[in-house]
Structures are given as structure tokens and as C-alpha cells.
Amino acid sequence: MAIQMIINKEWGLAKNENPLQGSFIIDELTDLVEEAVLIEFERISERGGVLGAMETGYQRGKIQDESITYERLKHSGELPIVGVNTFRHPDGDEEETEVELARATEEEKRSQLTRLEDFHNRHHAEAQEALRRLREAAARGENVFAVLMDAARVCSLGQITDAFFEVGGQYRRSV
């Protein structure tokens, strides 16, 4: 019962009579979603397709704009989300939950760094060859999964990440 009440509050679907039994609302919502998707496809096509839109940062900007809109609606209460901005516990804001952070000791940090250095030393020759194959596969646009699995046996996550950054660059969020 509570789940149905939450769905009704967040979606408002129960405000329509028999929404799943031939009511116009499901068809109308489906048509609205389909229309919005087609409009977005047209916008991407106008920018030269997916690759053209990526070059101009269209998708990234659109995601950032939608994220800001969602957060604004959520915080203003225009977009009801049960337990987040509606039907909250009356004393919830007064109670602060204390979270104890787990921090590694200096000894644990040194131990991990020593193990990593030992791993690098043991697999130095194989790692260089695996990273070379990984860079080549990524640069050629091939499926890198098999090469990545081979590299993961002899390379650290940092080495693999650096190899991908060398080929494809590093993501920087535009502000």
C-alpha cells in the first residue's frame, strides 16, 4: 500500500481513472516521451550526428543543464520525492548522524606502497609490453577487452589508466 501511495505522489498516475486499462493517459505519456526523444534526435542530427554533437560538447552540456534543472525542482519541492523532499520524518533535520571515517594508518599506507612497488618490479618487462598492446588497441579503436584483461594481470590500475589517458586524453569537466 505504501509503495502505491509513493508512486501516486511522485507520478500522479492514480489521478486518472483506470490508467492501465485503456485510459488515454498511458498513450498520452507514451506519445510525449516519443516526441521528446525524436526532437532530441533531430537536435543531434542538426549538429552533425553523435560525433558532431560530441565535438561541440552538446551532450555534456545538455546533461549538465538537465542535472541543474532536476536539482532545482527537487530542492524547491516542485518535483516531489518521497523521503527526500516530501513526507520526511518530522525530527529528521534535527538529528545528525555521526559517521566515523575509516582512515588508513601511516604503516598501512607504506605497506600498500611497498607492495605496489614490488608488483611493478616483478612485472616490469611484461607490463611494458602489455601497456604497449593496450595503447595500440585503443588508438586503433579496437575492442580492448581481451588486451585489457591481459594487462590487468601484470599492470596496476594506475598504469592502465595512464595508458588510456595517453591515447584518449583525460576528461575535464567544463564549468
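Fair warning: this is a prediction, and the values are worked out from it, not measured in the lab. (Residues numbered from 1 in each chain as written. Predicted model: local features only at pLDDT ≥ 70, side-chain atom pairs only at ≥ 80, totals over all residues. Heavy atoms only, no water.)

*Asks:* Is there a simple way to think about the pattern of salt bridges in this case?
*Replies:* When their charged atoms lie close together, side chains carrying opposite charge are able to pair. Evaluated as defined, the whole model comprises 13 salt bridges. Ionic pairing is found between K109 and E106, a salt bridge with its closest N-O pair at 3.5 Å. Of this pair, K109 and E106 are both found in helix α5 (residues 106–122), three residues apart, which corresponds to roughly one turn of the helix. Exposure remark for K109: the relative accessible area of 41% places this residue in the partly exposed category. Three or more residues are tied together by salt bridges with common partners; here these are E129, R132, R133, E136, R140 and E142. (Salt bridge = Lys/Arg side-chain N within 4 Å of Asp/Glu carboxyl O. Helix = DSSP H or I, 4+ residues; strand = E, 2+ residues; numbered from the N terminus. Buried < 20%, exposed > 50% of the residue type's maximum accessible area, 1.4 Å probe, protein only.)

*Asks:* Would you mind showing me how to read a negative patch on the surface here?
*Replies:* On the surface, D27, E28, D31, E34 and E35 cluster together into a negatively charged patch. For E28, the position within the fold is in helix α2 (residues 24–46). (Patch = residues over 30% accessible without salt bridge, like charges linked within 9 Å, V, L, I, M, F, W, Y side chains within 5 Å. Areas by Shrake-Rupley, 256 points an atom, 1.4 Å probe, with all protein chains shown as cover. Lys, Arg positive; Asp, Glu negative; His and termini not counted. Charge placed at Lys NZ, Arg CZ, Asp CG, Glu CD.)

*Asks:* Any chance you could explain the environment of E129 here in plain terms?
*Replies:* Among the secondary structure elements, E129 is positioned in helix α6 (residues 124–139). Classification of E129 as partly exposed rests on a relative accessible area of 32%. Along the backbone, E129 and V144 are 15 residues apart, and their C-alpha atoms lie at a distance of 15 Å. A polar atom in the side chain of E129 sits 2.3 Å from the side chain of R132. (Polar contact = N/O pair within 3.5 Å; in protein donor to acceptor, adjacent residues only side chain to side chain.)

*Asks:* For this particular structure, what's the right way to read the nonpolar core?
*Replies:* In a soluble, globular protein the nonpolar side chains are often hidden away together inside. Listed in full, the 12 residues of the largest apolar core are A127, A130, L131, L134, A137, V144, V147, A151, V154, C155, I160 and A163. Looking at this core, the elements that each hand over two or more residues are α6, α7 (145–154) and α8 (157–168). Of all the elements, α6 adds the most residues to this core, at five residues. When sequence neighbours within four positions are dropped, the list of residues in contact with V154 reads F119, H123, E126, A127, A130 and Q159. (Core = buried A, V, L, I, M, F, W, Y, C linked by side-chain atoms within 4.5 Å. Contact = heavy atoms within 4.5 Å.)

*Asks:* Would you explain helix α4 (residues 58–76) in this entry?
*Replies:* With 19 residues, α4 should cover 27 Å at 1.5 Å per step; its first-to-last C-alpha distance of 27 Å lies within 8% of that length. Considered for burial, the residues of α4 that qualify are Y58, Q64 and K74. In this structure, the buried side of α4 is in contact with α2 and α3 (49–56). G77 lies just past α4 and shows a positive phi near 90°. (Expected span 1.5 Å × (residues − 1).)

*Asks:* Explain the side chain of Q159 to me, please; I cannot follow it from the model alone.
*Replies:* The residue Q159 is located in helix α8 in this model. Among the polar contacts made by the side chain of Q159, one reaches the main-chain amide nitrogen of S156 at a distance of 2.8 Å. Among all residues touching Q159, those that are not within four sequence positions of it are H120, A127, L131 and V154.

*Asks:* For this particular structure, what's the right way to read a nonpolar patch on the surface?
*Replies:* Judged by side-chain polarity, V33, V37, L38 and F41 come together as a nonpolar surface patch covering roughly 370 Å² of accessible area. Position of F41 relative to the elements: it lies in helix α2. Relative accessible area serves as the criterion here: at 51%, F41 is assigned to the exposed category.

*Asks:* Just to check I follow, could you spell out the side chain of S156 for this structure?
*Replies:* Relative to the assigned elements, S156 resides in the loop between α7 and α8. Overall, the relative accessible area of 11% leaves S156 in the buried class. At 3.1 Å, the side chain of S156 forms a polar contact with the side chain of H120. Beyond its immediate chain neighbours, meaning those up to four positions away, S156 contacts L116, F119 and H120.

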